[in-house]
Amino acid sequence: PNPVTNVLVMNVDATTITGYQIVATDGKVVKSADGINQVLVELNIQDLKTGSYIVKVRTPYGEAQKTIVKN
């Protein structure tokens, strides 16, 4: 769901997610991981401040990007 409160659920058309980055509006990477290799990733984002973030998800076929709002 968007806006997100505590848990961000990431999936890309049933494709394996190999890594992700969550980037704040100032360009700073606030969370990232590599070597995940899962179709569905649930990430606790309680520690992020309220605001907008760009989520970049890597798959074997390329990268997907979406803006989320953290409440």
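Since the structure is predicted, the reported quantities are computational estimates derived from the model, not experimental observations.

Moving on to the pattern of salt bridges. By the definition in use, this model includes 2 salt bridges. Put simply, Lys 31 and Asp 47 hold a salt bridge, and the shortest N to O gap is 3.3 Å. Taken as a pair, Lys 31 in strand E3 (residues 29-38) and Asp 47 in the loop between strand E4 (41-44) and strand E5 (51-59) lie far apart in primary sequence, 16 residues in all. Residue classification places Lys 31 among the buried residues on the basis of a relative accessible area of 19%. With relative accessibility at 56%, the residue Asp 47 sits in the exposed group. Between Asp 34 and Arg 58 there is a salt bridge, with its nearest N and O atoms 2.1 Å apart. A residue pair is termed long-range when its members are at least 10 positions apart, and Asp 34 in strand E3 and Arg 58 in strand E5 qualify at 24 residues. Owing to a relative accessible area of 62%, Asp 34 belongs among the exposed residues under this scheme.

Turning our eyes to something else, we now look at the environment of Lys 28. You can see Lys 28 is positioned in the loop between strand E2 (17-24) and E3. For Lys 28, a relative accessible area of 54% puts it in the exposed group. C-alpha of Lys 28 to C-alpha of Val 41: the two residues are 13 residues apart in sequence and 21 Å apart in space. The residues touching Lys 28, leaving out its near neighbours within four places in the chain, are Ile 22 and Val 23.

Rules behind the numbers
- Residues numbered from 1 in each chain as written.
- Predicted model: local features only at pLDDT ≥ 70, side-chain atom pairs only at ≥ 80, totals over all residues.
- Heavy atoms only, no water.
- Salt bridge = Lys/Arg side-chain N within 4 Å of Asp/Glu carboxyl O.
- Helix = DSSP H or I, 4+ residues; strand = E, 2+ residues; numbered from the N terminus.
- Buried < 20%, exposed > 50% of the residue type's maximum accessible area, 1.4 Å probe, protein only.
- Contact = heavy atoms within 4.5 Å.

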